[in-house]
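# Summary of the model geometry
Below are the chains, spelled out letter by letter.
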Amino acid sequence: MEQETKTLGAVIAALRKQQNMTQADLAARMGVTDKAVSKWERDLSCPEVTAFPRLAEALGTTPQELLQAKAPAPGKSEVQGLVKLIGRCVGLAAGVAVVALSALGQISADAALPLLGLGLAALALAALQG
């Protein structure tokens, strides 16, 4: 049976513990805060790519091993944020399209109303996500 690949955060946490280091110890070695290390381990952020050689050395491994970690799945809040952003963008685009086409005399009121309705529905969806 093949072993499941861990996220970078899980790999960092496991290797740090194998080295008997606290998050504060690793943070001091890396020149970051212990809160930064905590975020790495919880897959809320990740170290700068340029820091991987130093991180690997501190954890007693290679940069290649760190880079083999899998990316974490997007969290529910990230998906909700994306839906909210898309809703706002669609709403804005619909409004801008109606204004621009009206100014150019390229859209009738009958054609503009459904487009404005779509924009309002998208904005309402975005508002409900917040």
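It should be noted that the structure appears before, not after, this text.
These lines cover the structure that appears in this document, whether it is placed above or below. (Residues numbered from 1 in each chain as written. Predicted model: local features only at pLDDT ≥ 70, side-chain atom pairs only at ≥ 80, totals over all residues. Heavy atoms only, no water.)

## Some remarks on the nonpolar core
Membership of the largest hydrophobic core comes to 18 residues, with the highest contact counts inside it found for Ile12, Leu26, Leu55, Leu59 and Leu66. Breaking this core down by element, the ones donating at least two residues are α1 (8–18), α2 (23–30), α3 (34–41) and α4 (52–59). Element by element, the count of residues in this core is highest for α4, at five residues. In this structure, Leu55 is in contact with Ile12, Leu26, Met30, Trp40, Pro47 and Leu66, ignoring residues within four places of it in sequence. (Core = buried A, V, L, I, M, F, W, Y, C linked by side-chain atoms within 4.5 Å. Buried < 20%, exposed > 50% of the residue type's maximum accessible area, 1.4 Å probe, protein only. Helix = DSSP H or I, 4+ residues; strand = E, 2+ residues; numbered from the N terminus. Contact = heavy atoms within 4.5 Å.)

## Concerning a nonpolar patch on the surface
Among the surface-exposed residues, Leu82, Leu85, Ile86, Val90 and Leu118 lie close enough to one another that they form a single nonpolar patch of about 440 Å² accessible area. Of the residues forming the nonpolar patch, the biggest block, four residues, is contributed by helix α6 (residues 76–103). Mapped onto the fold, Leu118 is located in helix α7 (residues 109–129). Accessibility expressed as a relative area gives 48% for Leu118, which makes it partly exposed. (Patch = residues over 30% accessible without salt bridge, like charges linked within 9 Å, V, L, I, M, F, W, Y side chains within 5 Å. Areas by Shrake-Rupley, 256 points an atom, 1.4 Å probe, with all protein chains shown as cover. Salt bridge = Lys/Arg side-chain N within 4 Å of Asp/Glu carboxyl O.)

## Quick word on the pattern of salt bridges
Taken as a whole, this structure holds one salt bridge when the rule is applied. The salt bridge involving Glu41 is made with Arg16; its shortest N-O contact spans 2.5 Å. In this pair, Glu41 sits in helix α3 while Arg16 sits in helix α1, placing the two residues 25 residues apart along the sequence.

## Comments concerning the packing of α6 against α7
The N-to-C vectors of α6 and α7 enclose an angle of 155°; their axes lie 8 Å apart at closest approach. Here α6 is positioned roughly antiparallel relative to α7, judged by the angle of their axes. Relative to α7, α6 is oriented so that their crossing is left-handed. On α7, the residues touching Gln80, Val83, Lys84, Gly87, Arg88, Val90, Gly91, Ala94, Gly95, Ala97 and Val98 of α6 are Ala112, Leu115, Leu116, Gly119, Ala122, Leu123, Leu125, Ala126 and Gln129. (Axes fitted to C-alpha atoms, helices over the stretch in contact; angles between N-to-C directions. Parallel < 35°, antiparallel > 145°, perpendicular 65-115°, else oblique. Left-handed = near helix turned anticlockwise from the far one by under 90°.)

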